[in-house]
Amino acid sequence: MSSPRKLQFKSVNYTGLGQGPRVIIMGATHGNETCGTKAILRVMEEIDSGKLYIAAGSVTFVPIVNPLAYAQNTRSGDRNLNRDLFPKADPQDFEDHVGNWLCPLLAQHEVLLDLHSFNAKNGEPFCMVGPLNNDGPLEPFRHAEKERALARRLGVRRFVTGWLATYGQGVKRRSRGNAAELETVLRYGMGTTEYMRSTGGYALTLECGQHEDPTAPQVAYRAIVNTLAFLKLIDAPEPAPVPFEEMEALAMVAVHDKLDANDQFSRAWSSFDTVAEGEQIGVRADGTPVVAEFSGRILFPDTNAAPNHEWYYLTRPNPQFGRE
């Protein structure tokens, strides 16, 4: 670490008498995203007061995953915790120390709900979901049905798939066939949910709203209670899935890099803005227009991206989500 810090890690576990899954629910993976922390503390108070009780299985709450970033009210401490998340034999920064504590804790559980918020001023909550079942080298997975069934019961209607595969496309393009570099950079794309899946579990990231949105903690609270009810940890009616006709499911399918520091967007894009095929998205430093190769929605546009880093993603509708 860059300097001595009086910080510690905290998790709280509740275990019921009955048999059930081992669930972990986290807030403040990014320190300025506090809606999950507020919702977790609310649920813990309800359990401690007897309003709720864990009847089966177990739930571990981590109200503040990254205490340095949380204390600073910043997204990161030394770096983004939600990248390159692996145990490190020689930790170099604070987030490495978080990972060395957090990764073994994740591996003790079967299901992860990671609660986040976003910076964009407008936009509704959405859920990031993992891949379909596969034996591929990038993100092999066995629990797609369970993961997607839980996603549809969190209380949101918008779902996004395809993160690591699409991120990997950009990595392969930048690595130019260098296998060692490819593996290193793909590891950089590994966050809490990807690590959880790598241990044999399943995991969801819920973006509960804008950072300062007063309704975001309620979105997070509803998702926690719905998760506990759906997995039968609490004695409560099973939450109904969001109807297929009300869902908006999107698949990330293309990532475009900023090639020069002077590449510019044609306007101030926000995640989930619609784009039409052929619509201009930006302009390269040499004046070449950048246009959408298909109709869809833009995701994670980054005005401040560095050259040879992700500039924006494009998504397509994924009408099969939840029906596969």
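Residues numbered from 1 in each chain as written. Predicted model: local features only at pLDDT ≥ 70, side-chain atom pairs only at ≥ 80, totals over all residues. Heavy atoms only, no water.

(A) Examining the overall build of the protein chain more closely. Along the backbone of the protein chain there are eight helices and 14 strands. Radius of gyration (C-alpha) of the protein chain: 20 Å, near the 20 Å computed for a compact globule of 324 residues. Judged by the C-alpha coordinates and their principal axes, the protein chain covers about 65 × 50 × 40 Å. Across the 324 residues in the protein chain, those meeting the buried criterion constitute 53%. At a minimum sequence separation of 6, the contacts of the protein chain that also span at least 24 residues come to 72%. (Helix = DSSP H or I, 4+ residues; strand = E, 2+ residues; numbered from the N terminus. Rg over C-alpha atoms; globule rule 2.2 N^0.38 Å. Buried < 20%, exposed > 50% of the residue type's maximum accessible area, 1.4 Å probe, protein only. Contact = heavy atoms within 4.5 Å.)

(B) Region of the structure containing the pairing of strand β1 (residues 12-15). Where burial is concerned, the two faces of β1 differ: the one with Val12 and Tyr14 is buried and the one with Asn13 and Thr15 is not. Pairing of β1 with strand β3 (residues 56-62), which is carried by four bridges, proceeds in the antiparallel orientation. Each residue of the ladder has a partner; that of Tyr14, found in β3, is Val59. (Pairing = 2+ DSSP bridges.)

(C) Broad picture of the packing of aromatic side chains. Summed over all chains, the structure comprises twelve aromatic pairs. Centroid distance Phe9 to Phe94: 6.0 Å. Interplanar angle 40°. Geometry classified as tilted. Linking Phe9 in the segment before β1 with Phe94 in helix α3 (residues 94-107), this pair joins segments that are 85 residues apart in sequence. Classification of Phe94 as buried rests on a relative accessible area of 4%. Arranged with centres 6.0 Å apart and planes meeting at 50°, the rings of Trp163 and Tyr313 form a pair that is tilted. On the criterion of sequence distance, the pair formed by Trp163 in helix α5 (residues 163-175) and Tyr313 in strand β14 (residues 309-317) is long-range, its members being 150 residues apart. (Phe/Tyr/Trp six-rings, centres within 6.5 Å; stacked < 30°, edge-to-face > 60°.)

(D) Just the sheet that holds strand β9 (residues 264-265), in detail. Read across the open sheet, the three strands follow the order β9-β11-β12; overall the sheet is antiparallel. Both edges of this open sheet fall to β9 and β12 (289-291), since each of them pairs with a single strand only. Strand direction decides the pairing type here: strand β11 (residues 280-283) and β12, joined by three bridges, are antiparallel. Bridged to Gly282 within β12 is Val290.

(E) Examining unusual backbone geometry more closely. The residue Lys232 is not glycine, and still its phi comes out positive at about 65°. Structurally, the position occupied by Lys232 is in the loop between α8 (216-230) and β8 (248-258). On the accessibility criterion, Lys232 (54% relative accessible area) is exposed. If you check the backbone angles, Phe272 has positive phi at about 80° while not being a glycine.

(F) Here's a closer look at the environment of Ala292. Relative to the elements of secondary structure, Ala292 occurs in the loop between β12 and β13 (296-299). Separated by 14 residues in sequence, Ala292 and Gly278 place their C-alpha atoms 5.1 Å apart. Setting aside chain neighbours within four positions, we find Ala292 in contact with Val275, Ala276, Glu277, Gly278, Glu279, Ile281 and Leu314.

(G) Main features of the sheet that holds strand β7 (residues 202-210). One open sheet holds the eleven strands; their spatial order is β1-β3-β2-β4-β7-β5-β6-β8-β14-β13-β10, and the pairing between them is mixed. Edge positions in the sheet fall to β1 and β10 (274-275), since each of these pairs with one other strand and no more. As paired elements, strand β5 (residues 126-128) and strand β6 (residues 158-161) share two bridges and run parallel to each other. Following the sheet pairing, Met128 is matched in β6 by Val160. Where α3 meets the sheet, it contacts β2 (18-26), β3 and β4 (111-118), and its direction lies at approximately 155° from that of β2. (Axes fitted to C-alpha atoms, helices over the stretch in contact; angles between N-to-C directions.)

None of the figures reported here should be taken as evidence of function without further support.
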